[in-house]
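# A closer look at the structure
Residue strings, one per chain:
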Amino acid sequence: MKKYINIPQYTTLNEIIQRNFTLSATQYKRFCIKNSNIKTIKDFLEHPLFRSDFGIEVGSDCYVDFSNYVFIKTKALQEDSYLLSENKEATEYIKPQAFINMHLKKGDIIISKDSNVGEIIVLDKDYPNSMLCSGLCRLPIKKNGLYLLAFIKSALFRQQIDFIVPRGSTIKHGKTKFLECKIPFPNIKIDETIQYIELLMQAIINKEIAIRKKHEEIIQLIQNELELNQNSQEFIYTQPQISEIMAIDRMDTSLYSYEFKHKEYLITNYKYGYTSLTDLGYMGIRGTSLERNYIKNRINSDVYIDGFYKLIIPTNITKYGTVSKILYIGTPVKLKTIQKGDIVFGGEGYGKGKSFVVLENEPNVATNYHGIRIVCKKNTSIQNKIFIRCMLAFLRENGLIDKYGVGGNGGHFAPTYFYLAKIPNFPVEKIEKISYLYYNGFMSYSTKKCTISNFLEYDSKYNQVAGIHEIDVSMKYLQMKLDAAMTKIADDIEVSLTF
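Residues numbered from 1 in each chain as written. Predicted model: local features only at pLDDT ≥ 70, side-chain atom pairs only at ≥ 80, totals over all residues. Heavy atoms only, no water.

Quick look at the sheet that holds strand β10 (residues 136-139) now. Taken in spatial order, the three strands of this open sheet run β8-β7-β10, and their pairing is antiparallel. A single partner strand is all that each edge strand has here, and the edge strands are β8 (120-122) and β10. With strand direction ignored, the average angle separating the axes of adjacent strands in the sheet is 25°. Sheet topology places strand β7 (residues 109-112) next to β8; three bridges connect them, and they run antiparallel. When the bridges of β8 are listed, Ile109 appears paired with Val122. (Pairing = 2+ DSSP bridges. Helix = DSSP H or I, 4+ residues; strand = E, 2+ residues; numbered from the N terminus. Axes fitted to C-alpha atoms, helices over the stretch in contact; angles between N-to-C directions.)

It is worth spelling out unusual backbone geometry at this point. Unlike most non-glycine residues, Asn144 shows phi in positive territory, near 60°. Look at Asn144 and you get buried, because its relative accessible area is 18%. (Buried < 20%, exposed > 50% of the residue type's maximum accessible area, 1.4 Å probe, protein only.)

Below, the discussion takes up the nonpolar core. In terms of nonpolar packing, the biggest core is built from 119 residues, with Leu139, Tyr147, Ile222, Leu395, Tyr404 and Tyr438 touching the most fellow members. Sorting elements by how many residues they give to this core places helix α4 (residues 190-227) first, with 17 residues. Excluding anything up to four places from it in sequence, Leu139 contacts Leu45, Leu49, Ile109, Ile111, Ile120, Leu148 and Phe178. Counting 22 residues, the second largest nonpolar core, distinct from the first, contains Cys62, Phe71, Phe99 and Cys133. (Core = buried A, V, L, I, M, F, W, Y, C linked by side-chain atoms within 4.5 Å. Contact = heavy atoms within 4.5 Å.)

When two helices pack together, their arrangement is given by the angle between their axes and by how far apart the axes lie. Packing of α4 against helix α11 (residues 455-465) leaves a shortest axis separation of 10 Å and a crossing angle of 15°. When the axes of α4 and α11 are compared, the pair comes out roughly parallel. The interaxial crossing formed by α4 with α11 has right-handed handedness. Two secondary-structure elements touch here, α4 through Leu199, Gln202, Ala203, Asn206, Lys207, Ala210 and Lys214 and α11 through Phe455, Leu456, Asp459, Tyr462, Asn463 and Gln464. (Parallel < 35°, antiparallel > 145°, perpendicular 65-115°, else oblique. Left-handed = near helix turned anticlockwise from the far one by under 90°.)

What follows covers the environment of Phe31. Its place among the elements puts Phe31 in strand β2 (residues 30-31). With relative accessibility at 16%, the residue Phe31 sits in the buried group. Linking Phe31 and Met246, residues 215 residues apart in sequence, is a C-alpha distance of 65 Å.

Let us look at the sheet that holds strand β18 (residues 355-357). Ordered by their spatial adjacency, four strands build an open sheet running β13-β20-β17-β18, and the pairing between neighbours is antiparallel. At either end of the open sheet lies a strand with only one pairing partner, and these are β13 (282-286) and β18. Strand-to-strand twist of the sheet, defined as the mean angle between neighbouring strand axes without regard to direction, takes the value 25°. Bridging between strand β17 (residues 343-346) and β18 involves three bridges; their strand directions are antiparallel. Each bridged residue has a counterpart across the sheet, and for Phe345 the counterpart in β18 is Ser355.

Before going further, it helps to examine the layout of surface pockets. Here the second largest pocket defines a volume of roughly 350 Å³. Val70, Asn87, Thr91, Glu92 and Tyr93 are, among the 18 residues lining the second largest pocket, the residues nearest its centre. Of all the secondary structure elements, the ones that give two or more residues to the lining of the second largest pocket are β4 (63-64), β5 (70-72) and β6 (91-94). The dominant element in the lining of the second largest pocket, judged by the number of residues it contributes, is β6, at three residues. Looking at the lining of the second largest pocket, its residues break down into eight nonpolar, four polar and six charged. (1 Å grid on protein atoms, 1.4 Å probe; cavity = no way out; pocket = protein on both sides within 12 Å on 5 of 7 lines; lining within 4 Å. Points joined across faces, edges and corners; volume = space filled by probe spheres on them. Nonpolar A, V, L, I, M, F, W, Y, C, P; charged D, E, K, R; others polar.)

Moving on to the state of the cysteines. Defined simply, a disulfide is a covalent bond joining two cysteines at their sulfur atoms. Counting across every chain of the model gives zero disulfides. The thiol of Cys32 is not disulfide-bonded; the next cysteine sulfur, from Cys181, is found 14 Å away. (Disulfide = S-S within 2.5 Å.)

Direction of pairing for β4 relative to β6: antiparallel, over a ladder of two bridges. The partner of Val64 across the bridge, within β6, is Tyr93. As paired elements, β5 and β6 share three bridges and run antiparallel to each other. Bridge pairing links Phe71 to Glu92 in β6.

What follows covers the packing of α4 against helix α10 (residues 428-438). Running from N to C, α4 and α10 point in directions that differ by 165°, and their axes come no closer than 9 Å. When the axes of α4 and α10 are compared, the pair comes out roughly antiparallel. Our pair here, α4 against α10, has a crossing hand that is left-handed. Here Lys214, Glu217, Ile218, Leu221, Ile222 and Glu225 of α4 come into contact with α10, specifically with Lys430, Lys433, Ile434, Leu437 and Tyr438. Each residue belonging to the contact of α4 with α10 can be placed in one class, and the counts come to six nonpolar, no polar and five charged.

Rendered as structure tokens:
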């Protein structure tokens, strides 16, 4: 990662006086780039930030189990996403009387000034019944919003924030110091280069939207197939019998609760039947423990170094079946590696139940102890493995993975309990349709002939027919192009306007 912050070897008495005699080394860091054509974030705004641009705190006493009104928290803004994250940790339902209409519209850019400092997203749709918490701010941008979004998501902005706002602080404590952060502009082919950055940014956003839509389509296809093909028996809840408890060999109340039994009945009452994950031949293998007391020596890296392992951990797996971040680790210990066709599954913690299918042959790819390799002892196709991954995502979305888990702190779903996961016996054509939404592998992403005028049209057509995996791979390619272009702008080098 390129460094934009310079730490001087010495300072002067005048500088010490200017900084109120502080001797903290972090207070003397300087933001250094070659390009002098810069604007501050403040220069992008239509007007100074008003009180109405900031969210409002409603208090936890206004939270309810369900409402038509939603309170958006700072956790809705995540480093690995350009869009709002909508999950139980990111939003809360609130009482109607506590709601204040902020008129959140598609295209609004929201930044966090608390907690996950400096995180930023763009709204991909209108949010008429939602409001922001006090830790969030809507930026009233007059021009080049996508250009600004691209740079605020980059290392250039993050490094500025880390020295403008002292460690342990937040932008709130520093008031609105994030407005002082500098954004470089090109000096060569100015308009075309700005347009190029914004096209790449828009394409990346479009791909993230497409991935989410295809994930929702997968979940809905599974739901519809189950609901439309139920046996005639009605669900009747009964207390567990001793024989059932003995067979499961667990006393967890969740496994015998009305909620669990009712949700599971959608699968157990499916007219074509079901099979357990283990009976299908699948087994789980834990990754190597990466704790220092086990592997002794290790070197962590954000970039690839020859001989290092590529590390995929459940925390960095998204619920859509993609990997948001790759890490690298060097160690003399031989780690268990992942093979093509493996399903990498999160056994516990934040990544519990998240999964993705390995679809490339790569050497030296590993996971940690919380990552479980789900492999099949039987000879089965990649398509069937993808379907199993999609079913695991469905079980997670419906809360069944959490119910299968055992233990405190949210529980863990270890390989020992894989027999609890029930997989419906879908017809082949349904398995194919669901699997193709995740990966179909028949279309390559070729942008060599694309120009500024036709790039988005080509990219949109690609997203329509590609699966989640292909869209994710192409999105990472565009992100690499975007990062390279922004680095060149910071270094005052002409950007090659190619895709």
